[in-house]
Protein chains: 2
Amino acid sequence: MIDTSQFLADLDRLRQIGTYRTGVHRPTFSPEDMESRRWLVAAMEAVGLEAQIDGIGNVFGRHRGPGPHLLAGSHLETQNQAGWLDGVLGVVAALALARAGLPVDVCAYADEEGHWGDFLGSRSLVGALDEAALDAARNRHDGRPLHEALREVGLAGRERLRLDPGRYKGAFELHIEQGTQLERAGMRIGVVTGIVGIRQWRITITGQQDHTGGTTMAERRDAGLTAVRLLAAVDQEFPGVCAERSVWTTGRILLEPNAPQIIPGRAEITFSFRDLSPEVMDRMEDCLRRVVQESNRRERCPAVLEPIGHTLPSPCDPAMRAALREAAAELCPGAWAEMPSGAIHDSQILARVMPVAMLFVPSIGGISHHWTEDTKREDLALGLEVLAGGARRFLAG
Amino acid sequence: MIDTSQFLADLDRLRQIGTYRTGVHRPTFSPEDMESRRWLVAAMEAVGLEAQIDGIGNVFGRHRGPGPHLLAGSHLETQNQAGWLDGVLGVVAALALARAGLPVDVCAYADEEGHWGDFLGSRSLVGALDEAALDAARNRHDGRPLHEALREVGLAGRERLRLDPGRYKGAFELHIEQGTQLERAGMRIGVVTGIVGIRQWRITITGQQDHTGGTTMAERRDAGLTAVRLLAAVDQEFPGVCAERSVWTTGRILLEPNAPQIIPGRAEITFSFRDLSPEVMDRMEDCLRRVVQESNRRERCPAVLEPIGHTLPSPCDPAMRAALREAAAELCPGAWAEMPSGAIHDSQILARVMPVAMLFVPSIGGISHHWTEDTKREDLALGLEVLAGGARRFLAG
């Protein structure tokens, strides 16, 4: 049987480590973060797992019995002054599965929140993190080298674990939704169809900086105006090529010199889109390229499009999804839905070497990465029970 | 007769005070600026004017003979590391008129370039600068109080001169164009129709900061997207209401938080337009208000429009313009044109109390406010001769 009381007690316990108002502040390799990792090692041993912290900070608890095995987990560290459940939920739920006797290896993947890099822990586990990347890794806030932090927390020189994909039937991750889809639809469980891919772009537009007074409209090469026209064209054209759940965003616009009475000589745009389907993403990319090409045909300020930081979509495994759907249909009929994950997760890294599936519980108000993040306790407990039901079904399948 | 050699020699002399590469660096009340003011006092006295520096730094040379009188001048200080002609040209040309025996009071209006405020010298002369404004004036670069600077340069406690408008038939100002209209049209002289007015606005758009991954397009309140749509609408609508020489500019866009993967929760736009006609400016303002209103009808992110820093257009005096046209037609037939001034000048302040007119000579490459600013010497000399011819005609008219 699943012990939901102990599961909720474990969540409450971790909320006491690095408490910030009603949330927590546990950046990767901070004293509070290391305290939470040591707590997890002890908790893993208490449920019979063989536990260790590896050379990149992954906390790994190996099941001692026979297979077939599952992998389950998420991350322990948090964004700065963030919520108590983002990541922690999936780790503590995996621990609860092991406690209930399921053949589960439990893992807290290090640094999913990216204080030092980009999925360092899970990439290390699947063999996608080389020494050069480790040498180059710096803290994104203060620029401190990762190696220095690893020395300080006593992890330097330890072996980095590698997963044996042959050991696992699949990897599960329970997580908060970080959106309002479930809440708005009155749903309590989201069975994730896949993790969206992201294609991010820099668009640089070069004009001519000039005085607003002395330069006629006909003479101007206004990089800011070209940027507005280009982004307005994206706004017009993207609905014609996107899918139902596609999103696209201009997060950043930099004009130079960005002064009230000077015509902008340069504009830099950071634009990205997300979808679950590579075909849809290809259509969106084609559309973006056409919009830039058309801008360059019409405008006096040339625009250059550069890709930066693309990730592939990671569909969840059909059999694992089916098992989670059946469990949800039994435990909360009419109160679950299928949905993509718009946010990124360690599961997309694990998907490179084994089948993965994710399960969401609602985020109150859709809030995450903020200390007010929360989920109803009954939804947390239900999430664990659906996860356990899905895992049992999948193992039996 | 006009002594163009002495005029060019005077320009060359002032270029030696605060030389910066091929330009000059003479911010208002700097040692170099004060040296140029003292040089001017001596030069005024040498041509028979009664000269003084007043309590705000205006250098004023009063004609000793009978009227009717003209006022002529411009400014001596420069932007930082700027050109040798911007302002200086009009002062030295006015001095040349006095030297030629014309009944001209010559003035170098203090701080047109705005190191300490907004047209401090000319506003003081027309009675539009009160003590409270002086008390509040600070250096725009380092925040030093104006009173402190006036004490240091020995001007504190001196009387500030007031113009007697009844003394003058009108005020002339020769200036570099600060644009490329004349150069591109192959013209050597521009007879200014008037100085454009400026209406400047802040548009603040309030949305909801959110994660790009977890928030569907339908749920978003993207302040940056609303800004793009609003500015695209301005780009569409303004050509239908503007006049031939209207200009409009979005110089500044600030998104918050302006991060690649976060939906902007706030956008702030600085937008301005310029024209010579109050009616055209009213039409542009009506259009802007309609665009904002329409944005607020359609969009989920409210936009608030606030005026900041409006100036009125200042038409040049028809009789003075006619006199300058006749002189230009005689001295450079086919090589002069009428044009508005898109940039601001002391003449727009003087226009509050007397008729004004301005004359432009070409700026090579349209460059100003930069040390590479320049004008051909023959164009400088022609500018002086057209100014003198126009002034004589106007006095005789």
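Residues numbered from 1 in each chain as written. Chains lettered and ligands numbered in written order. Predicted model: local features only at pLDDT ≥ 70, side-chain atom pairs only at ≥ 80, totals over all residues. Heavy atoms only, no water.

Engineer: So what exactly am I meant to see when it comes to the nonpolar core here?
Structural biologist: A general tendency of soluble globular proteins is for nonpolar side chains to be buried together. Grouped together as the largest cluster of nonpolar side chains are 72 residues, with contacts concentrated most on B:Phe7, B:Leu11 and B:Leu97. A per-element tally of this core places helix H3 (residues 88-99) of chain B first, with ten residues. Residues A:Phe7, A:Ala51, A:Leu382 and A:Val386 belong to the second largest nonpolar core, which totals 71 residues. (Core = buried A, V, L, I, M, F, W, Y, C linked by side-chain atoms within 4.5 Å. Buried < 20%, exposed > 50% of the residue type's maximum accessible area, 1.4 Å probe, protein only. Helix = DSSP H or I, 4+ residues; strand = E, 2+ residues; numbered from the N terminus.)

Engineer: Help me understand the sheet that holds strand E9 (residues 197-206) of chain B in this model?
Structural biologist: Either a parallel or an antiparallel arrangement is found when strands of a sheet pair, and the pairing is made through backbone hydrogen bonds. Residue and element names in this part refer to chain B. If you walk across this open sheet you meet the four strands as E11-E13-E9-E14, and the pairing is antiparallel. Edge positions in the sheet fall to strand E11 (247-256) and strand E14 (303-307), since each of these pairs with one other strand and no more. The mean inter-strand angle of the sheet, taken between neighbouring strand axes irrespective of direction, is 20°. Strand contacts of helix H8 (residues 223-237): E9, E11, strand E13 (266-275) and E14, with the helix running at about 15° to E13, the strand carrying the most contacts. Sheet strands in contact with helix H9 (residues 278-298) are E9, E11, E13 and E14, and its direction is about 5° off that of E9. (Pairing = 2+ DSSP bridges. Axes fitted to C-alpha atoms, helices over the stretch in contact; angles between N-to-C directions. Contact = heavy atoms within 4.5 Å.)

Engineer: Honestly, the pattern of salt bridges in this entry has me stumped. Any pointers?
Structural biologist: Charged atoms that come close allow side chains of opposite charge to pair. Across all of its chains, the model carries 52 salt bridges over all chains by this definition. Between A:Glu294 and A:Arg297 there is a salt bridge, with its nearest N and O atoms 2.8 Å apart. With A:Glu294 and A:Arg297 both in helix H9 (residues 278-298) and three residues apart, the pair spans about one turn of that helix. Judged by its relative accessible area of 31%, A:Glu294 falls in the partly exposed class. What makes A:Arg297 exposed here is its relative accessible area of 61%. Here B:Glu338 and B:Arg325 are joined by a salt bridge, their closest N and O atoms 3.1 Å apart. Of this pair, B:Glu338 sits in strand E16 (residues 336-341) while B:Arg325 sits in helix H10 (residues 318-331), placing them 13 residues apart in sequence. Given the relative accessible area of 27%, B:Arg325 is considered partly exposed. Taken together, the salt bridges that share partners define one network made up of A:Arg202, A:Arg252, A:Glu256, A:Arg266, A:Glu268 and A:Glu306. (Salt bridge = Lys/Arg side-chain N within 4 Å of Asp/Glu carboxyl O.)

Engineer: Got a minute to help me understand the relation of the copies chain A and chain B in this structure?
Structural biologist: The relation between the two copies of this chain is a rotation about an axis and a shift parallel to it. When chain A is brought onto chain B, the operation consists of a screw motion whose angular component is 180° and whose axial shift is 0.3 Å, with 0.3 Å RMSD remaining. Taken together, the rotation angle and the small translation identify this as a two-fold axis. Among all residues of chain A, the one whose C-alpha sits closest to the rotation axis is A:Val228, at a distance of 2.7 Å. An overlap of 100% is found between the interface residues of chain A and their copies at the interface of chain B, pointing to a shared contact surface. (Least-squares fit on C-alpha atoms with pLDDT ≥ 70 in both.)

Engineer: Could you clarify how one ought to interpret the packing of aromatic side chains in this entry?
Structural biologist: Two measures describe an aromatic ring pair: the distance that separates the ring centres and the angle between the ring planes. Scanning the model with the defined rule gives 16 aromatic pairs over all chains in all. Considering the side-chain rings of B:Phe172 and B:Phe394, the 6.0 Å spacing of their centres and the 85° angle between planes classify their relative orientation as edge-to-face. With B:Phe172 in strand E7 (residues 168-176) and B:Phe394 in helix H12 (residues 377-396), this pair connects stretches of sequence that are 222 residues apart. As far as burial versus exposure is concerned, B:Phe172 and B:Phe394 are alike and both buried. Centroid distance B:Phe238 to B:Phe271: 5.6 Å. Interplanar angle 85°. Geometry classified as edge-to-face. Here B:Phe238, found in the loop between H8 and E11, pairs with B:Phe271, found in strand E13; they are 33 residues apart in sequence, far enough to count as distant. For the pair B:Phe238 and B:Phe271, one class covers both residues: buried. Site record: aromatic cluster; members linked through ring pairs are A:Trp201, A:Phe238, A:Trp248, A:Phe271 and A:Phe273. (Phe/Tyr/Trp six-rings, centres within 6.5 Å; stacked < 30°, edge-to-face > 60°.)

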